[in-house]
Amino acid sequence: MLSLVWLKSFTTLVNHRSFHAAAQHLGIAQPTLSQHIQKLEGQLDTLLIRRSKAGCEPTRAALALMPIALSMLRLEQRARDAVGGTRLRVGASSNIGIYLLQPHVRSFRNAPTAPEVDLVIDNNPAIADQLTQGELDIAIMEWWRPTSGFLARDWRQEPMVLITPPDHPCAHMKEIDRDTLSGMTLLGGEPGTGTGRILANFFGDSGPFPSVSMQLGSTEAVKQAVKAGLGVSLVLAACVSEEVQAGTLKAIPVSDSGLAKSLMVINPEALTSHPSVSAFIRHLCY
């Protein structure tokens, strides 16, 4: 088995690109650090660090090992935290983590006996990967593919709204219907959030469907593009509450029911009865 001590020395060295600086950071002697790297290279039977008078550089093998080593070190820390019950690692897909979840995390942490909460915000696929790899205790996501060994429950229904700049021809509308929406061109946001699946269910197998122009990668990018007059888009209503209040965007509800996302809370089944996990889920869902 790979030594976590060696892996920690390895990742620190890659980050610092200097045996002297890495050894100082770790609080060990430089020959000890060199020994850790040599043993790791010997166990993997490959060169990881190219040494020179100018410093050191990771090899291609080292760069391939780096994310795996970091993941193993995070899992080790997670194991310590789980046993101690002093820290909870919660992941959230971007829109949820940025616009919805943080007040709940703050109120949970205000309880006298609450554990520390590490909040990880990333795109939906990345959060799903971290959850299945054991790096998260709980995930709150826009979309989740049912997976054996994990328990998913509904958190809240969040409607999607059409956002436009204030001077757009549709900005005066109180609501927009399915037929009008189906003929529009929308700016695309973050992939992997399940929006495509929601739209397919909403418009039916035969359509017609709205077309998509651009793929901007995030809701923040979409909002800025809409403000700049580049188009309109569909987003979660909670993502634009501040802009609507400030008057920089208009949010138009959809008159037909069904255009909403079921935001979900997912955790490993094995952690369902863990005191910190169950306390956070109760705080969030009940």
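Keep in mind the model is a prediction, meaning the values are calculated, not measured.

Peer 1: An account of the nonpolar core is requested, with residue identities and associated values reported.
Peer 2: Within the largest apolar cluster, 20 residues are counted, with the highest numbers of intra-cluster contacts made by Leu-101, Ile-138, Ile-140, Trp-155 and Phe-280. Broken down by secondary-structure element, the contributors of at least two residues to this core are strand S3 (87-93), helix H6 (102-109), strand S5 (138-141), strand S11 (260-268) and helix H12 (275-285). At four residues, the largest contribution of residues to this core is made by H12.

Peer 1: Break down the layout of surface pockets for me, citing the residues and quoting the values.
Peer 2: Of the pockets and cavities examined, the largest pocket occupies roughly 430 Å³. Gly-188, Gly-189, Thr-195, Leu-199 and Leu-234 are the residues nearest the centre of the largest pocket, which is lined by 27 residues in total. The set of elements that each furnish at least two residues to the lining of the largest pocket consists of strand S7 (185-188), helix H9 (195-203), strand S8 (211-215), helix H10 (219-227) and strand S9 (233-236). In the lining of the largest pocket, the residues fall into 13 nonpolar, 11 polar and three charged.

Peer 1: So, helix H7 (residues 124-132): which residues are in play, and what are the values?
Peer 2: Within the span of H7, buried status applies to Asn-124, Ala-126, Ile-127, Ala-128, Gln-130 and Leu-131. Where H7 is buried, its residues contact S3, strand S4 (116-122), S5, strand S6 (150-164) and S11.

Peer 1: Help me get a handle on the packing of aromatic side chains, residues and values and all.
Peer 2: Applying the stated criterion to the full structure yields four aromatic pairs. Note on Phe-203 and Phe-209: the rings are 6.2 Å apart at their centroids and 70° apart in plane angle, and the pair reads as edge-to-face. On the basis of relative accessible area, Phe-203 is assigned to the buried category, the value being 8%. Looking at Phe-209, the relative accessible area reads 40%, which means it is partly exposed. Chaining the aromatic ring pairs together yields one cluster made of Phe-202, Phe-203 and Phe-209. It is Arg-156 that lies over the ring of Trp-155; its NZ or CZ is 5.3 Å from the centre. The residue whose ring lies beneath Arg-178 is Phe-202, and the NZ or CZ to ring-centre distance is 4.3 Å.

Peer 1: Mind laying out the environment of Gln-215, listing which residues take part and the relevant values?
Peer 2: Mapped onto the elements of the fold, Gln-215 is located in strand S8. In this structure the C-alpha to C-alpha distance between Gln-215 and Arg-156, which are 59 residues apart in sequence, comes to 27 Å. A polar side-chain atom of Gln-215 sits 2.8 Å from the main-chain carbonyl oxygen of Gly-189.

Peer 1: Explain the pattern of salt bridges to me, using residue names and the numbers behind them.
Peer 2: Under the counting rule described, the total for this entry stands at 10 salt bridges. Between Arg-51 and Glu-41 there is a salt bridge, and its shortest N-O distance comes to 3.4 Å. Residue Arg-51 is found in strand S1 (residues 49-52), and its partner Glu-41 is found in helix H3 (residues 30-44); the two are separated by 10 residues along the sequence. Under the relative-accessibility criterion, Arg-51 is labelled partly exposed at 40%. A salt bridge links Glu-158 to Arg-156, with the nearest nitrogen and oxygen atoms 3.1 Å apart. Connected through salt bridges with shared partners, the residues Glu-220, Lys-223 and Glu-243 form a single ionic network.

Peer 1: Quick rundown of the packing of H6 against H12? Include the residues and the values.
Peer 2: Between H6 and H12, whose axes approach to 10 Å, the crossing angle comes to 125°. What the angle tells us is that H6 and H12 run oblique. Here the hand of the crossing between H6 and H12 comes out right-handed. Mapping the contact onto sequence places His-104, Val-105, Ser-107 and Phe-108 in H6 and Ser-276, Ala-279, Phe-280, His-283 and Leu-284 in H12. When grouped by side-chain class, the residues that make up the contact of H6 with H12 number five nonpolar, four polar and no charged.

Peer 1: Go over H9 with me, naming the residues and quoting the values.
Peer 2: Residues of H9 that are buried include every one of Ile-198, Leu-199, Phe-202 and Phe-203, and no others. Along H9, the residues classed as buried sweep out an arc of 115° about the axis, all on the same side. In this structure, H9 carries Gly-196 and Asn-201 as exposed residues pointing more than 90 degrees from its buried face. Considering only its buried residues, H9 is in contact with S6, helix H8 (178-182), S9 and S11. Where H9 terminates, the next one or two residues include Gly-204, which has phi positive at roughly 85°.

The rules behind each value
- Residues numbered from 1 in each chain as written.
- Predicted model: local features only at pLDDT ≥ 70, side-chain atom pairs only at ≥ 80, totals over all residues.
- Heavy atoms only, no water.
- Core = buried A, V, L, I, M, F, W, Y, C linked by side-chain atoms within 4.5 Å.
- Buried < 20%, exposed > 50% of the residue type's maximum accessible area, 1.4 Å probe, protein only.
- Helix = DSSP H or I, 4+ residues; strand = E, 2+ residues; numbered from the N terminus.
- 1 Å grid on protein atoms, 1.4 Å probe; cavity = no way out; pocket = protein on both sides within 12 Å on 5 of 7 lines; lining within 4 Å.
- Points joined across faces, edges and corners; volume = space filled by probe spheres on them.
- Nonpolar A, V, L, I, M, F, W, Y, C, P; charged D, E, K, R; others polar.
- Contact = heavy atoms within 4.5 Å.
- Phe/Tyr/Trp six-rings, centres within 6.5 Å; stacked < 30°, edge-to-face > 60°.
- Lys NZ or Arg CZ within 6 Å of the ring centre and 35° of its normal.
- Polar contact = N/O pair within 3.5 Å; in protein donor to acceptor, adjacent residues only side chain to side chain.
- Salt bridge = Lys/Arg side-chain N within 4 Å of Asp/Glu carboxyl O.
- Axes fitted to C-alpha atoms, helices over the stretch in contact; angles between N-to-C directions.
- Parallel < 35°, antiparallel > 145°, perpendicular 65-115°, else oblique.
- Left-handed = near helix turned anticlockwise from the far one by under 90°.
- Arc of directions from axis to C-beta.

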